[in-house]
Amino acid sequence: MKVEGKVIKLGDKIDTDIIIPAKYLKYTDPQYLAQHVLEPLDPEFSKKAAEGIILVAGKLFGTGSSREQAAIALKAAGVKAVLAESFSRIFYRNAINNGLPVLVCQGISDVVNDGDYVVVNLESSEVLIQGRDVGVKCKELPDIVLRILSAGGLIEYLRGLKK
Amino acid sequence: MTGQTLTEKILSRASGRKVAPNDIVEVSVDLVGFHDLTGFHVIEVMERIGREVIYNPKGLVIAFDHLVPPPDVRSAEIQKLVRGFVRKHGIVNFHDVGSGILHQILLENYVLPGQVVICADSHTSTAGALGAFAQGMGATDVAAVVVTGKTWVTVPKPFKVVLKGSLRKWVTGKDVALEILKEFKSDYFNGMSVEFFVENPQSFPMDYRATVANMGVEFNADAVLFIPDDETVRYVKVERGYECGKVLPDPNAEYVDEYTVELGNVDLLVAIPPNVDNVKSVREVSGLDVDLVFIGSCTNGRLSDLEIAAKIMDGKRVKSRCVVIPASRKVFIKALELGYIQTLVDAGCVVTFGTCGPCIGGHFGVAGPDEVVISTSNRNFIGRMGSPTSKTYLVGPAVAAASAITGKLSEPGDVL
Ligand code: SF4
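As the structure is a computational prediction, the values presented were derived from the model and not from experiment.

Participant: I'm lost on the environment of B:Lys330 in this one. Help?
Facilitator: Mapped onto the secondary structure, B:Lys330 falls in helix α12 (residues 329-337). Once residues within four sequence positions are removed from consideration, B:Lys330 is found in contact with B:Glu108 and B:Glu239.

Here is the structure:
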């Protein structure tokens, strides 16, 4: 499984209130949520993500609340994967449950630039930067996580098992 | 053989095998819960899985708090939907509008030492005050627990904190939580469970423990647990009328590291927005003009918080807007009987109960553009309490009350 796209870089501690403010939590419709993703940071973000992007971030991405809409909104907006130094525990689980690949990649922010085009191989957890002779090796994803991601999320994975 | 920490003991019991840090294990869950704002989402997931069954109806707790009382039609609709679910499945442990914040209700009525508690809200960590392994999770994970009674967890690395001595006047659990954030910052404990040993149980009462455990999410700890002691037993006895057992770590348990907080050295502290770990002494920032003061939330809406606020505001008038929200109906009634509510209302505070209110920028006094908020809640993220240009400073109840009186960030000594 490979995902690719242009990189948008963010800093440390992008919290769930920034990813999707509380006023939007009364709904779970992915398209509605996508329109407001990361709105306090950049009201134009959802437009920029629409073509399919890879988010590169620092420490504790997704820190804060348990709102699953944070993962739903990012994925629906066009975020193909989040590569970060570290994640908050709850967001990490929510992302996988919703089929949004999340990889722990130490030092990624030092290597990848805003606007780079990257290809992420989820099985090998390698990130290749196009046009530059560098790559980054991230922490490998366990088999079960890969299976959930390729099904598109936990619900889809469980449905597949029942068949 | 080395012994087990409290975390390892609980997860070994719940998984049926001896666990060690970094193991990924399936555990049976003793208590599962959700509130209105996450509940409708949990129910939606159950519908999508196509399995609307409840594994253990008695172990399911539902409380309405985020949208209480409903500020708009959609909020009322969400609650109606969850009420329908409650009726359909005959859920007994249901707390409708007017009961209190889920985390407080769990402490008062349900949680016991040694349990595994999973709720659809990050501040589920609060239940660690009673020595439970408590984690917040998203709607999908919680729906899976409701249906199967189980979940998976990574066994966190154990870290030991010792609370030694006694706090100075007006300094409370909030300042201890902020002291730890000041010392370790918000990412140090990611992947760890922090076990608190209180040397002198009476010196750090349950209200303070609940505040610290509540902010365990702000430490980004996987779990926070207070080792059960006489104070734990006293609290359960007072709230529920029965004596609970203690589940304890082995004396020779091994921790990755250890840290001692000398309670007597802890100052009145404040977290500067938009970071919960940018912590300073109140003295360093005092004098800042304040628009709104909020005393409440699952962090500091308990009886001792209201007692402190009432003592400081007694016979005075507030200069800034001040909203006070006791965390539950039980807390509200006790505060009413003790005269705290009268004192706070006389001082000019707006008092209601059992809702999250402005903590999540929902209603009951949200912050306008560029306004400065002094709040006893747990998060000062950008836009958390209202306008994205408002600023939230996190403090304990004494500093909040003193600031409301002077209209500036103040210490209690400035008004007494
Ligand atoms: S009071 Fe605030 S932190 Fe606590 S549950 Fe409500 S919204 Fe969350």
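Participant: What should I look at first to understand the sheet that holds strand β1 (residues 2-9) of chain A in this one?
Facilitator: Sheet strands pair via backbone hydrogen bonds, and the direction of the pair is either parallel or antiparallel. Residue and element names in this part refer to chain A. Taken in spatial order, the seven strands make up an open sheet running β4-β3-β2-β1-β5-β6-β7, and their pairing is mixed. The two strands at the open ends of the sheet, each matched to only one other strand, are β4 (102-104) and β7 (135-137). For this sheet, the mean inter-axis angle between neighbouring strands, taken without regard to orientation, is 30°. Bridge count for β1 against strand β5 (residues 117-121) is five bridges, and the pairing is antiparallel. Of the residues in β5, the one forming a bridge with Glu4 is Val119.

Participant: Looking at this model, I keep getting lost on the site of the ligand. Mind explaining?
Facilitator: Residues and elements named next belong to chain B. Surveying the vicinity of the ligand reveals the residues His66, Ile101, His103, Asp121, His123, Ser297, Cys298, Cys356, Cys359, Ile360, Asn378 and Arg384. Residue classes in the shell around the ligand are distributed as five nonpolar, five polar and two charged. Two domains each put at least three residues into the shell around the ligand: domain 1 (6-263) and domain 2 (269-414).

Participant: What am I meant to see in the packing of aromatic side chains here?
Facilitator: Each aromatic ring pair is characterised by the separation of its centres together with the angle its planes make. Across all of its chains, the model carries 21 aromatic pairs over all chains by this definition. Centroid distance A:Phe61 to A:Phe87: 6.1 Å. Interplanar angle 75°. Geometry classified as edge-to-face. Taken as a pair, A:Phe61 in the loop between β2 (53-57) and α4 (69-77) and A:Phe87 in the loop between β3 (79-84) and α5 (89-97) lie far apart in primary sequence, 26 residues in all. Each member of the pair, A:Phe61 as well as A:Phe87, carries the same accessibility label: buried. Summarising the aromatic geometry, the rings of B:Phe184 and B:Phe189 are spaced 4.9 Å apart at their centres and angled 45° between planes, so their arrangement reads as tilted. An aromatic cluster of three or more residues is present, and its members are B:Phe159, B:Phe184, B:Tyr188, B:Phe189, B:Phe219 and B:Tyr259. Positioned above the aromatic ring of B:Trp152, the side-chain terminus of A:Arg93 is 3.8 Å from the ring centre. Sitting over the face of the ring of A:Tyr27, B:Arg74 holds its NZ or CZ atom 4.6 Å from the ring centroid.

Conventions and cut-offs
- Residues numbered from 1 in each chain as written.
- Chains lettered and ligands numbered in written order.
- Predicted model: local features only at pLDDT ≥ 70, side-chain atom pairs only at ≥ 80, totals over all residues.
- Heavy atoms only, no water.
- Helix = DSSP H or I, 4+ residues; strand = E, 2+ residues; numbered from the N terminus.
- Contact = heavy atoms within 4.5 Å.
- Pairing = 2+ DSSP bridges.
- Axes fitted to C-alpha atoms, helices over the stretch in contact; angles between N-to-C directions.
- Near = heavy atom within 4 Å.
- Nonpolar A, V, L, I, M, F, W, Y, C, P; charged D, E, K, R; others polar.
- Domains from an automatic or database assignment.
- Phe/Tyr/Trp six-rings, centres within 6.5 Å; stacked < 30°, edge-to-face > 60°.
- Buried < 20%, exposed > 50% of the residue type's maximum accessible area, 1.4 Å probe, protein only.
- Lys NZ or Arg CZ within 6 Å of the ring centre and 35° of its normal.

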